[in-house]
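If you want the building blocks of each chain, they are given just below.
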Amino acid sequence: YEERLFGERHILVASAALQDQLVDVKRVDDLAGLPFFKDTNHSEWRAVIERNGGNPELFENGAYFGDSSATLNAIAFGDGIGVARDAIAQHFLDNGTLIALPFEAVEGPFAYHFLCPHSRLNQPRVQAFLHWLRQEASGA
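Computed from a prediction, not measured in an experiment: that's the story for all the values here.

About the criteria used
Residue numbering note: each chain is counted from 1, following its sequence as written. For this predicted model, a pLDDT threshold of at least 70 governs which residues receive local features, and a threshold of 80 or more governs which side-chain atom pairs are given and counted, while totals over whole chains, interfaces and linings are taken from all residues. Neither water nor hydrogens contribute to the side-chain values; these are computed over all heavy atoms in the structure. Elements are defined by DSSP. Helices are runs of H or I of four residues or more, strands are runs of E of two residues or more, and each kind is numbered from the N terminus. Residues are treated as being in contact if the distance between any of their heavy atoms lies within 4.5 Å. Exposure was quantified through the Shrake-Rupley algorithm and a 1.4 Å probe, taking into account, for residues, occlusion by the shown protein chains and nothing else. Each aromatic pair joins two rings of Phe, Tyr and Trp (for Trp, the six-membered one) with centres within 6.5 Å, and gets the label stacked for planes under 30 degrees apart, edge-to-face for over 60, and tilted for any other angle. Sitting over a ring, as applied to charges here, requires NZ of Lys or CZ of Arg to be within 6 Å of the ring centre and within 35 degrees of the ring normal. What pLDDT reports is the predictor's confidence in each residue, on a scale of 0 through 100. Salt bridge, as used here: a side-chain nitrogen of Lys or Arg that lies within 4 Å of a carboxyl oxygen of Asp or Glu. Here's how the labels work: a residue is buried when its accessible area is under 20% of the maximum for its type, exposed when over 50%, partly exposed in between, all with a 1.4 Å probe on protein chains only. Positive charges come from Lys and Arg alone, negative charges from Asp and Glu alone, with His and the N- and C-terminal ends not counted.

A.B. asks: What is the right way to look at the overall build of the chain in this model?
C.D. replies: Helix and strand counts for the chain come out as four helices and six strands. Along the chain, helices (α) and strands (β) appear in the sequence β-β-α-β-α-β-α-β-β-α when read from the amino end. With the C-alpha coordinates of the chain rotated into their principal frame, the extents come out at 55 × 25 × 25 Å. When contacts within the chain are restricted to residue pairs at least 6 apart in sequence, those whose partners lie at least 24 apart make up 74%. Of the roughly 8100 Å² of accessible surface on the chain, 49% is carried by carbon and sulfur atoms.

A.B. asks: Hey, could you run me through the packing of aromatic side chains in this one?
C.D. replies: The geometry of an aromatic ring pair is captured by the separation of the ring centres together with the interplanar angle, meaning the angle of the planes. Tallying each qualifying case throughout the model produces eight aromatic pairs. Members of the aromatic cluster, joined through ring pairs, are Tyr1, Phe114, Phe129 and Trp132. The ring centre of Trp45 lies 5.2 Å from the NZ or CZ of Lys38, which sits over that ring. Taking NZ or CZ as reference, Lys38 lies 4.4 Å from the ring centre of Tyr64, over its face.

A.B. asks: Looking at this structure, I do not really get the confidence of the model for the chain. What am I missing?
C.D. replies: Caution applies to low-pLDDT parts of the model: their predicted coordinates are not meant to be read in detail. Per-residue confidence for the chain gives a mean pLDDT of 93, with 99% of residues at or over 70. The element-level mean pLDDT for the chain is lowest in strand S3 (residues 63-65), coming to 91, with strand S5 (residues 98-100) highest at 96.

A.B. asks: For this particular structure, what's the right way to read the pattern of salt bridges?
C.D. replies: Oppositely charged side chains can pair when the atoms bearing their charge come close. Applying the stated rule across the entire model yields six salt bridges. Two residues, Glu8 and Arg85, come together in a salt bridge whose shortest N-O distance is 2.9 Å. Here Glu8 is found in strand S1 (residues 2-15), whereas its partner Arg85 is found in strand S4 (residues 81-85), with 77 residues between them in sequence. Given the relative accessible area of 16%, Arg85 is considered buried. The salt bridge partner of Arg46 is Glu60, with a shortest N-O separation of 2.0 Å. Within this pair, whereas Arg46 is found in helix H1 (residues 44-51), its partner Glu60 is found in the loop between H1 and S3, the two being separated by 14 residues in sequence. Taking the relative accessible area as the measure of exposure, Glu60 reaches 26% and is therefore partly exposed.

A.B. asks: Where do I start with unusual backbone geometry in this structure?
C.D. replies: Note: most peptide bonds trans; most residues except glycine with negative phi. Phi angles above zero are rare outside glycine, and Asp79 is one such case at about 50°. Within the element layout of this structure, Asp79 appears in the loop between helix H2 (68-77) and S4.

A.B. asks: So what exactly am I meant to see when it comes to the side chain of Asp29 here?
C.D. replies: Secondary-structure assignment places Asp29 in the loop between S1 and strand S2 (36-39). An unpaired buried charge is present at Asp29: no salt bridge exists, and Arg27, the closest side chain of opposite charge, is 4.3 Å distant.

A.B. asks: Looking at this model, I keep getting lost on the environment of Ala32. Mind explaining?
C.D. replies: The residue Ala32 is located in the loop between S1 and S2 in this model. Given the relative accessible area of 27%, Ala32 is considered partly exposed. C-alpha separation for the pair Ala32 and Glu60, spaced 28 residues apart in sequence, amounts to 9.5 Å. In this view, Ala32 contacts Leu58 and Phe59; residues no more than four positions away in its chain are not counted.

In structure tokens, the structure reads:
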């Protein structure tokens, strides 16, 4: 049995420490002077910049990291901006370490699924776990 729980979106986020510097930002290219951090495993950052009418070349010189968690930490604690997978960034957004910037997101290629052998699907503990996952996913 397979059930898709939720997908993910790539969003533009910034360190909360930059909040005062972001007040006058109207266009995505207005962010080009800030430290921009990228994940080498994902090129969706280009799509997010382009979707919002920006020029990705203005953001080429930022630092690259080989892992989504390292990229998020660099954005959050390096006082920068970047594109993050919303499902992974949610904890930082919830605790106020990161802020989501008011730009359009891009759907990502990944999704989260529940997988289970059909023979075990009707077991009460499996049903309870699936019910919990559905509730959690509905808020994602």
